[in-house]
Amino acid sequence: MKISPSMLSADFTKLGEELDRIKASGADMLHIDVMDGHFVPNISFGMPVIKSIRKKSDLFFDVHIMISQPQRYIEELKKAGAELITFHYEAEGDPAETIEMIHAAGLKAGISIKPKTPVEVLLPYLKDVELVLIMTVEPGFGGQSFMSDMMPKLRWLKEEARRQNTDFILQVDGGVNRNTIAEAAAAGADCFVAGSAVFGKPDYHEEVTALKALAEAARPQ
Ligand code: DX5
Ligand code: ZN
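Procedures and definitions
What you see as residue numbers is a count from 1 along each chain, following the sequence as written. Naming scheme: in the order in which they are written, chains are lettered from A and ligands are numbered from 1. Reporting of local features is limited, given that this is a predicted model, to residues whose pLDDT is at least 70; pairs of side-chain atoms are given and counted only at 80 or more, and all residues count toward the totals for whole chains, interfaces and linings. Side-chain calculation: all heavy atoms of the structure are included, whereas hydrogens and water are not. Burial status follows relative accessibility: with a 1.4 Å probe on protein chains alone, a residue under 20% of its type maximum counts as buried, one over 50% as exposed, and anything between as partly exposed. Under the DSSP-based scheme used, a helix requires at least four consecutive residues in state H or I and a strand at least two consecutive residues in state E, with every element numbered from the N terminus. Of all possible arcs, the one meant is that of the directions from the helix axis to the C-beta atoms. Note on contacts: a residue pair qualifies if any of its non-hydrogen atoms lie within 4.5 Å across the two residues. Axes here refer to lines fitted to C-alpha atoms; in helices the fit is confined to the stretch in contact. Angles between the N-to-C directions go from 0 to 180 degrees. Any angle from 65 to 115 degrees is called roughly perpendicular, while one under 35 is roughly parallel, one over 145 is roughly antiparallel, and all others are oblique. Here is the rule for handedness: rotate from the far helix to the near one, and if that takes an anticlockwise turn smaller than a right angle the crossing is left-handed, while a clockwise turn gives right-handed. Amino acids are sorted into nonpolar (Ala, Val, Leu, Ile, Met, Phe, Trp, Tyr, Cys and Pro), charged (Asp, Glu, Lys and Arg) and polar (every other residue, Gly among them).

(A) Just helix α4 (residues 95-104), in detail. Those residues of α4 not exposed but buried are P95, T98, I99 and I102. All buried residues of α4 lie within an arc of 100° about the axis, which places them on one face of the element. Exposed and oriented more than 90 degrees from the buried face of α4 are E100 and A104. Of the surrounding elements, those touching the buried residues of α4 are α3 (74-80), β4 (84-88) and β5 (108-113). Count one or two residues on from α4 and you reach G106, which has phi positive near 85°.

Structural data, given as structure tokens:
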């Protein structure tokens with residue numbers, strides 16, 4: 001059970017300090033949300049920010065790109081310090097080709113779908129990706145409410161992975177907190193993005209530990 005705190009909810013006036021606290025929290029990776037103001041109705045941050053935090057941090061960089069043209073930015077993201085790139089199925093370009101390009105850059109590849117996209121569209125890609133990300137909010141903003149009706153997608157993916165005898169990290173993103181994480185874990189998720197549930201809390205270590213324990217306790221047998 002892995003926790004990936006989303007930097008979108010960090011205090012950007014003291015980012016270095018925030019990253020040190022995340023490192024000390026026991027988090028497994030850092031979730032970095034890149035938004036282009038076109039694929040989603042918000043703009044976050046891009047290469048200069050990723051590049052500068054790369055110098056400060058040895059956390060695993062889990063980069064979630066909510067951008068219309070993912071293929072265009074793979075090389076730059078790699079240079080900036082990304083280790084895993086998760087792009088959206090709904091974005092431009094053939095997903096199989098995007099996965100290939102991410103791998104060719106020497107990075108791990110993740111594919112994500114928005115809440116309204118049926119999970120079956122992911123079928124052709126499950127053998128090729130290291131991670132599948134199911135959005136449990138409409139992408140674009142932190143602090144929204146968890147959509148429980150996405151849970152069947154997780155169960156379907158777990159079943160498909162078994163059927164195809166393949167394995168990938170099953171990540172959920174959006175509204176994950178102490179009240180919702182068990183539900184996602186019980187449905188098969190094993191990696192949890194948490195923005196507002198971690199950043200801004202007095203003790204990041206306490207939050208990450210609590211989230212992990214709740215996920216572990218709900219792990220399907
Ligand atoms: C939403 C982003 C999320 C966001 C999650 O588009 O992909 O990673 O930061 O924030 P919380 O955990 O607050 O819902
Ligand atoms: Zn995200």
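The discussion continues.
(B) View of the side chain of E207. By the element assignment, E207 lies in helix α7 (residues 204-218). Each residue touching E207, except ones within four places of it in the same chain, is listed here: R178, A197, V198 and K201.

(C) Structural context of the packing of helix α1 (residues 15-25) against α7. Running from N to C, α1 and α7 cross one another at 40°; their axes reach a closest spacing of 8 Å. The orientation of α1 relative to α7 falls into the category oblique. Relative to α7, the crossing made by α1 is right-handed. Residues E18, R21, I22, A24 and S25 of α1 touch α7, and the partners they reach there are Y204, H205 and V208. Here the residues of the contact of α1 with α7 sort into 4 nonpolar, 2 polar and 2 charged.

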